[in-house]
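# Coordinates in review
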Amino acid sequence: MGANTMNTNIPIAILQEFDVPGPRYTSYPTADRFVDAHGEAQFIQALEERKASARAKTSPLSLYVHIPFCVSLCYYCACNKIITGNYQKAMDYLDDLKREIDLLLPHLGQGPFVSQVHLGGGTPTYFKDAELSELMQCLRSVFQWQVGGEYAIEVDPRTVNDERLHHLWAMGFNRLSLGIQDFDPKVQEAVHRMQSLDDVNAVIHSARSVGFSSINLDLIYGLPMQTVSGWHNTLESVLQLRPERLALYGYAHLPARFKPQRHINVAALPQAAQKTTMLAMALERMQDAGYVYIGMDHFALPQDSLSVAKRQGRLHRNFQGYSTRPDGDLLGLGVSSIGSMGASYVQNTKSLEEYSDLLHLGKLPVVKGVALTRDDLVRRSIIMALMCQGRVEMAGIEEAHLLNFKKYFARELTQVETLVESGLVKLESHAIEVTSLGWYVVRAIAMVFDKYVQADGQRAHFSKIL
């Protein structure tokens with residue numbers, strides 16, 4: 001059975017054995033390895049190098065814009081957000097976003113192309129239609145949006161109606177992502193996010209009538225008050241909605257890092273065995289319903305572009321998760337946004353006050369990042385190949401990076417052999433392939449090639465794999 005044909009008889013023992021903390025590998029090295037010494041000057045240099053290179057003409061940019069504002073607090077949330085009813089803060093933030101774009105302009109070149117735009121948060125639909133239009137007009141005045149690109153916005157179902165959906169479509173968005181988490185009213189009350197199935201159904205029905213052909217729903221298992229039977233009911237409701245994509249996340253309770261989680265009653269959280277059962281149930285039910293398991297926490301219907309990209313070996317990963325876009329440069333705008341430019345990563349400040357202050361001083365708000373070494377680049381190639389294609393061709397790595405794979409990774413291959421014994425990978429003479437079972441714990445497989453995790457063994461700051 002190949003990596004693209006999944007076994008729906010999920011062995012819970014394997015899930016439990018490999019449920020350890022580990023990176024999500026939206027980048028390598030991961031964001032915890034970013035350093036203060038890599039800041040604005042290094043970012044500008046990377047932008048100038050791109051502007052002078054051939055890839056500026058042949059490789060479109062991806063854009064991520066972070067909108068941090070929310071009207072109310074969701075207790076499970078680990079995102080960088082600001083809870084406020086003062087709309088003037090959002091207006092001021094829009095002005096700062098335009099300042100950031102203006103400061104980037106001299107380093108971007110003439111009319112750079114973009115093929116992927118994602119507005120995340122927070123709640124991007126916290127912005128009123130007029131401000132969203134103003135932001136989108138600003139982006140379109142600077143960047144050339146490619147026909148057939150993916151232009152997505154995260155939507156709180158409680159903040160949109162038919163009129164707003166028409167407006168989002170008119171602005172150029174063609175994909176929506178809705179945070180659902182769970183439909184059980186007891187769970188919703190425990191996490192301070194009430195939204196009915198009928199309301200979500202109405203939003204999805206309206207969105208499809210407007211023209212949105214790809215809708216993603218986010219679910220979270222392991223939340224307070226969740227039960228196996230209640231989770232089953234949520235899954236059945238979601239599958240009746242039939243979204244094109246589904247994202248399934250395990251709740252990580254880290255109240256020391258994320259203050260909103262301190263509102264959650266620890267005693268109400270499901271036990272580890274219940275959480276694993278809920279995961280196995282979701283994995284089986286989604287695939288039985290015809291969804292393709294993309295990897296980690298992503299599912300898509302067979303005709304969706306994400307499934308097509310996986311079948312054709314064109315799947316990629318960036319800071320938004322799995323993507324159909326070719327692996328290229330990502331420009332992050334807004335507070336806390338992360339970008340990838342050439343062989344480097346950068347991140348804006350997480351503080352709204354510092355973000356605004358730096359921009360008013362005429363400085364880009366980049367406060368940390370990392371320049372990839374030769375070793376980082378080769379390990380990134382391997383980790384992303386495992387995460388996206390489920391297969392590493394040793395000859396391809398050797399040719400691209402001028403090394404002897406088996407000699408360079410002798411220690412790692414010894415660890416891979418233990419994964420072979422567990423049935424998670426197949427080790428061929430010149431390739432490593434993730435098995436159908438291994439896809440469920442692919443982060444654990446990728447960690448074998450993570451020099452930093454292997455060196456210090458400190459994984460407590462990561463969420464668990466499942």
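Quick summary incoming for the structure in this document. (Residues numbered from 1 in each chain as written. Predicted model: local features only at pLDDT ≥ 70, side-chain atom pairs only at ≥ 80, totals over all residues. Heavy atoms only, no water.)

## Concerning the sheet that holds strand β19 (residues 431–434)
Spatially, the 3 strands line up as an open sheet ordered β17-β19-β18, and their pairing is antiparallel. The open sheet has two free edges, formed respectively by β17 (391–393) and β18 (425–427), since each of these has just one partner strand. Between one strand and the next, the sheet's axes are offset by a mean angle of 10°, whatever the strand orientation. For β17 and β19, the ladder comprises 3 bridges, and the chain directions are antiparallel. From the neighbouring strand, Val392 faces β19, where its bridge partner is Ile432. Across the sheet, helix α14 (residues 394–401) touches β17, β18 and β19, and the angle it forms with β17 is around 55°. Running at roughly 125° to β18, helix α16 (residues 410–421) makes contact with β18 and β19 of the sheet. (Pairing = 2+ DSSP bridges. Helix = DSSP H or I, 4+ residues; strand = E, 2+ residues; numbered from the N terminus. Axes fitted to C-alpha atoms, helices over the stretch in contact; angles between N-to-C directions. Contact = heavy atoms within 4.5 Å.)

## Details of helix α12 (residues 352–360)
Within α12, burial applies to Leu352, Tyr355, Ser356, Leu358 and Leu359. Seen end-on, α12 carries its buried residues on one side only, within an arc spanning 165°. Summarising the geometry of α12, the exposed residues directed more than 90 degrees from the buried face are Glu353 and His360. Buried residues in α12 make contact with β2 (69–70), β3 (82–83), α4 (87–108), β15 (344–348) and β16 (366–371). Downstream of α12 by one or two residues, Gly362 has phi in the positive range, about 80°. (Buried < 20%, exposed > 50% of the residue type's maximum accessible area, 1.4 Å probe, protein only. Arc of directions from axis to C-beta.)

## Focus on the packing of aromatic side chains
Going through the model one piece at a time under the given rule, you end up with 15 aromatic pairs. Between the NZ or CZ atom of Lys128 and the centre of the ring of Tyr87, over which it lies, the distance is 4.5 Å. It is Lys310 that lies over the ring of Trp439; its NZ or CZ is 4.0 Å from the centre. (Phe/Tyr/Trp six-rings, centres within 6.5 Å; stacked < 30°, edge-to-face > 60°. Lys NZ or Arg CZ within 6 Å of the ring centre and 35° of its normal.)

## Notes on empty space enclosed by the protein
By the definition in use, this model includes 1 cavity of 30 Å³ or more. Of the volumes computed, that of the largest cavity is approximately 40 Å³. What lines the largest cavity is Leu47, Arg50, Leu61, His107, Leu108, Pro112 and Met341. Every element with two or more residues in the lining of the largest cavity is listed here: α2 (40–52) and α4. Within the lining of the largest cavity, the residues separate by chemical class into 5 nonpolar, 1 polar and 1 charged. (1 Å grid on protein atoms, 1.4 Å probe; cavity = no way out; pocket = protein on both sides within 12 Å on 5 of 7 lines; lining within 4 Å. Points joined across faces, edges and corners; volume = space filled by probe spheres on them. Nonpolar A, V, L, I, M, F, W, Y, C, P; charged D, E, K, R; others polar.)

## What to know about the environment of Tyr221
The topology assignment puts Tyr221 in strand β7 (residues 214–221). For Tyr221, a relative accessible area of 3% translates into the label buried. Each C-alpha atom, one on Tyr221 and one on Ala252, is 9.6 Å from the other, the two residues being 31 residues apart in sequence.

## Considerations on unusual backbone geometry
In this structure, Pro29 follows Tyr28 across a cis peptide bond, with omega equal to 0°. Along the chain, the position of Pro29 falls in the loop between α1 (12–17) and α2. Along the chain, Gly121 connects to Gly122 via a cis peptide bond; the corresponding omega equals 15°. Looking at where Gly122 falls in the secondary structure, it is placed in the loop between β4 (113–121) and α5 (129–142). The backbone of Tyr25 shows a phi angle near 55°, a positive value even though the residue is not glycine. Assignment of secondary structure puts Tyr25 in the loop between α1 and α2. Its identity is not glycine, yet Met296 carries a phi of approximately 55°, on the positive side.

## Side note on the pattern of salt bridges
Summed over all chains, the structure comprises 24 salt bridges. Between Asp329 and Arg55 there is a salt bridge, with its nearest N and O atoms 2.7 Å apart. You can see Asp329 sitting in the loop between β12 (321–323) and β13 (330–333) and its partner Arg55 sitting in helix α3 (residues 55–58), a full 274 residues away along the chain. For Asp329, a relative accessible area of 4% gives the class buried. Classification of Arg55 as partly exposed rests on a relative accessible area of 27%. Of the charged contacts, one joins Arg411 and Glu412 as a salt bridge, the two residues approaching to 2.9 Å between their closest N and O atoms. Residue classification places Arg411 among the partly exposed positions, given a relative accessible area of 45%. For Glu412, a relative accessible area of 2% corresponds to the buried category. (Salt bridge = Lys/Arg side-chain N within 4 Å of Asp/Glu carboxyl O.)

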